[in-house]
Amino acid sequence: MKMKKKAFLILRNNSLFIKMFLIMVISIVAVSLLITFSSIRMSSNLFMDTFSISNTKALEQIETQFEDYSYAIVGATHEVQNNGTIKRVLTQTNASTLETYRSYHDISQQIERIYRTVESYDANMIVLGNNERLYNVNYSNWPVSWEVLRNHPITEYTINRPNTLLYQYLPSTSFTDEPMIVATKALMERSTGEIYGVLYFPIREAQLKQFYEGYTSVENEVLLVDATGKIVSSNKQDMIGEEANDILAMAKEVDEEQLEFKDAHVFDTDYLLMSQYLPTYNMYLVNLVNKDAVLDNLINTKEILLISLGIVLLAVIVVFLISRRMTNSISRLVKQISAMAKHDFNMPVAETGGYEAKKIANAFNSMLSELQEYVNLVVLAQQKQRSAELMALQHQINPHFLYNTLASIKFMIQQGKKEKATDMIHALISLLQNALSNVDQTITVEQEITDLKNYVLINQARYGDGIKVNFFISPDCLDRQLPKLILQPFIENAFFHAFNEKKEGFVQILVSQKGDNLLCEIADNGDGMEIKGDHTKEDIKEKRHLFSGIGIRNVHERIQLLYGEEYGVEITSKKGEGTKVKVELPLQKTDVSTKSKEITRT
């Protein structure tokens, strides 16, 4: 415990030095980090620009290989469409066994001749006729029957687009052990538009991958994405067949805006994305470069950070020595001021140390002397103002209330209601005694409630008992103290302003403890009023009162003058439903004198 206290004192006595030192250290570290990371970033950007140029050229070479394959497919397709023998065999019906054998021999020769165009790419070639004829050059490549192929979705999709050479993705199935990309074209009679067959060029994804496999690495990935956002080929096997709509969108953006590259965050990794559109395939060739992996191989970040750290440590040592020398004299002055404030506020500080410290000490001593004079004057003025305000408040008794009450008593006596008149006189005397006595004096809650009942008795005698008043006082609050006439203005306001439209109603008076506070609530079910904005304790509008000049605002200001700004009055109201007033005071048992007594809170 002593060690902690000693450490705290050391920190407090050297706070100026610590602050200056920390500010300078933070500045040095911030500048060093900024320069370091700016250098790394500039190097990274320069490398990425260079890398993107080389990868763009690589994409162009890959595109050339895809185009060569596409040209071969187009050439073979053109030959099949213009071959009369193939057309005759695929449209032949009701042929004998001998004719069927001859047809098979003829079409075999033609297809094998045309197949040489795509044979170098390890692609297969299949011809399907509407007459249930099927010729498969490499059955092991795709062991499919006529019925399965005729009803296959890629066949239906091709027939619906007879004028287009289509490239379609075929995932792994029971009859193909690995995914394929199939080029399809409907065979159509040009004169009549009748489709008599479909031509297929399936190539396994592994063979297609050879077009770009030499350009890939761990940090350099190549994807082939079709128009639906599906990855149909990739150097990473687990990506094939996955949906990649975000990559497709970025590839389109790169192509449409003719960007060299684009930063992309996909597969939870930051990439540099380059793209090339393959119009023949209606697909995008996408190159993803892993930025972090590339930069790790390019830039030795640890070495740069260690050099920067060494420079920062050297600068911190120099700053420490200079700052300590500058702040020693000021720290001594601070210690003197702190000790003076604890022991003798009138004792001036010693004017020693450097030039700056002496000037500060001299100015402080001069200010201290003048401050003492001003403090005495301000305290005296506040005491006089506070007493005058409270005395003025207590004497703001409205004479109309006295006239009207005495007139009512006179009228009761004339009518022979001597007992009621006597009760009314006693109630009036009690009210006047309380109002005209010392305002600084507090009374118990029980006495305040007695005065309220007297006031209610006077008003009900004058105006009738259409307004009922109910008192709900917690027994443990009866001996608590509160300033005089603190609740009466709100009862008065309820009698004369809350029931202008309604002729009958009730007023509830509740007094209870809320934590360390005394809570007084006055609620009525009268006309209510519209309150604009946030109706806080400081936003209370004055109204005319018929008994005293201690109005609502005076009550609020009086409470804050006595107890502080955390106490006061809060009013809420709703048109047609009534008004509720909350008065919060500190709990106290003894009388409070603003001049010589303190508040005792429980």
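Residues numbered from 1 in each chain as written. Predicted model: local features only at pLDDT ≥ 70, side-chain atom pairs only at ≥ 80, totals over all residues. Heavy atoms only, no water.

Novice: Which parts of the structure should I look at to understand the sheet that holds strand β17 (residues 578-586)?
Specialist: Pairing is mixed across the open sheet formed by five strands, whose spatial order is β12-β14-β15-β17-β16. Lying at the two open borders of the sheet, with one neighbouring strand each, are β12 (467-473) and β16 (568-574). Taken pair by pair, the neighbouring strands of this sheet meet at an average axis angle of 15°, ignoring direction. Most of the contacts of helix α14 (residues 445-463) go to β12, to which it runs at about 170°, and overall it touches β12, β14 (505-514) and β15 (517-524). With respect to the sheet, helix α16 (residues 552-563) is in contact with β16 and β17, its orientation differing from that of β16 by roughly 145°. (Pairing = 2+ DSSP bridges. Helix = DSSP H or I, 4+ residues; strand = E, 2+ residues; numbered from the N terminus. Axes fitted to C-alpha atoms, helices over the stretch in contact; angles between N-to-C directions. Contact = heavy atoms within 4.5 Å.)

Novice: When you look at helix α8 (residues 245-256) in this model, what are you seeing that I'm missing?
Specialist: One full turn of an α-helix is made of 3.6 residues, so residues set three or four places apart face in the same direction. With twelve residues, α8 extends 16 Å from end C-alpha to end C-alpha; this agrees with the ideal 16 Å at 1.5 Å per step. Looking at α8, one finds that the buried residues are Ile 247, Leu 248, Met 250, Ala 251 and Val 254. Across the axial projection of α8, the buried residues extend over an arc of 165°, all falling on one side. (Expected span 1.5 Å × (residues − 1). Buried < 20%, exposed > 50% of the residue type's maximum accessible area, 1.4 Å probe, protein only. Arc of directions from axis to C-beta.)

Novice: Can you help me understand the sheet that holds strand β5 (residues 195-204) in this one?
Specialist: Sheets are built from strands that pair by backbone hydrogen bonding, the pairs being arranged parallel or antiparallel. Read from one edge to the other, the open sheet built from five strands follows the order β2-β1-β5-β4-β3, with strand pairing classed as antiparallel. This sheet does not close on itself; its edge strands, each paired only once, are β2 (134-136) and β3 (166-170). Here the average twist between neighbouring strands, direction ignored, is 20°. Sheet analysis places β3 next to strand β4 (residues 180-188), joined by five bridges and oriented antiparallel. Bridging across to β4, Leu 166 finds its partner in Thr 184.

Novice: What exactly am I supposed to notice about a nonpolar patch on the surface here?
Specialist: Nonpolar side chains collect at one region of the surface, where Val 29, Leu 33, Phe 37 and Leu 305 lie side by side and expose about 320 Å² of accessible area between them. Ranked by residue count, the leading element in the nonpolar patch is helix α2 (residues 15-81), at three residues. Relative to the helices and strands, Phe 37 is located in helix α2. (Patch = residues over 30% accessible without salt bridge, like charges linked within 9 Å, V, L, I, M, F, W, Y side chains within 5 Å. Areas by Shrake-Rupley, 256 points an atom, 1.4 Å probe, with all protein chains shown as cover. Salt bridge = Lys/Arg side-chain N within 4 Å of Asp/Glu carboxyl O.)

Novice: Is there a simple way to explain the pattern of salt bridges in this structure?
Specialist: Two side chains that carry opposite charge are able to pair once their charged atoms sit near each other. Using the criterion set out here, one finds ten salt bridges in the structure. Between Arg 113 and Glu 79 there is a salt bridge; the shortest N-O distance is 3.0 Å. You can see Arg 113 sitting in helix α4 (residues 97-115) and its partner Glu 79 sitting in helix α2, a full 34 residues away along the chain. We note a salt bridge from Lys 468 to Asp 465, for which the minimum N-O separation is 3.7 Å. What makes Lys 468 partly exposed here is its relative accessible area of 44%.

Novice: Can you walk me through the packing of aromatic side chains in this structure?
Specialist: Think of a pair of aromatic rings as described by two things: how far the centres are apart, and how the planes are tilted against each other in angle. Taken as a whole, this structure holds twelve aromatic pairs when the rule is applied. Seen from their ring centres, Tyr 69 and Tyr 121 are 5.1 Å apart, and the 70° between their planes marks the pair as edge-to-face. In this pair, Tyr 69 is assigned in helix α2 and Tyr 121 in the loop between α4 and β1 (126-129), connecting sequence segments 52 residues apart. By relative accessible area, which is 1% here, Tyr 69 ends up buried. (Phe/Tyr/Trp six-rings, centres within 6.5 Å; stacked < 30°, edge-to-face > 60°.)

Novice: What's the story with the side chain of Asn 136 in this structure? I'm lost.
Specialist: Its location among the elements puts Asn 136 in strand β2. You can call Asn 136 buried: its relative accessible area is 15%. Separated by 2.8 Å, the side chains of Asn 136 and Asn 124 make a polar contact. In terms of polar contacts, Asn 136 uses its side chain to reach the backbone amide nitrogen of Asn 138, at 3.2 Å. Ignoring any residue separated from it by four or fewer positions in sequence, one finds Asn 136 in contact with Asn 124, Met 125, Ile 126 and Trp 142. (Polar contact = N/O pair within 3.5 Å; in protein donor to acceptor, adjacent residues only side chain to side chain.)

Novice: Teacher, can you tell me more about unusual backbone geometry here?
Specialist: With a phi close to 60°, Asp 122 is a non-glycine residue in the positive phi region. Along the polypeptide, Asp 122 turns up in the loop between α4 and β1. Look at Asp 268: it is not a glycine, yet its phi comes out positive at around 60°. The topology assignment puts Asp 268 in the loop between β8 (262-266) and β9 (269-278).

Novice: Hey, could you run me through the nonpolar core in this one?
Specialist: Nonpolar side chains in soluble globular proteins generally cluster together in the buried interior. Counting residues in each nonpolar core, the largest one holds 46 residues, and the members touching the most others are Phe 490, Ile 491, Val 507, Leu 518, Ile 559, Val 569 and Val 583. Residue contributions to this core peak at six residues, all from α14. Among all residues touching Ile 491, those that are not within four sequence positions of it are Leu 452, Tyr 455, Val 456, Val 507, Ile 509 and Ile 522. Ranked by size, the runner-up nonpolar core spans 45 residues in total, among them Ile 181, Leu 187, Phe 201 and Val 289. (Core = buried A, V, L, I, M, F, W, Y, C linked by side-chain atoms within 4.5 Å.)

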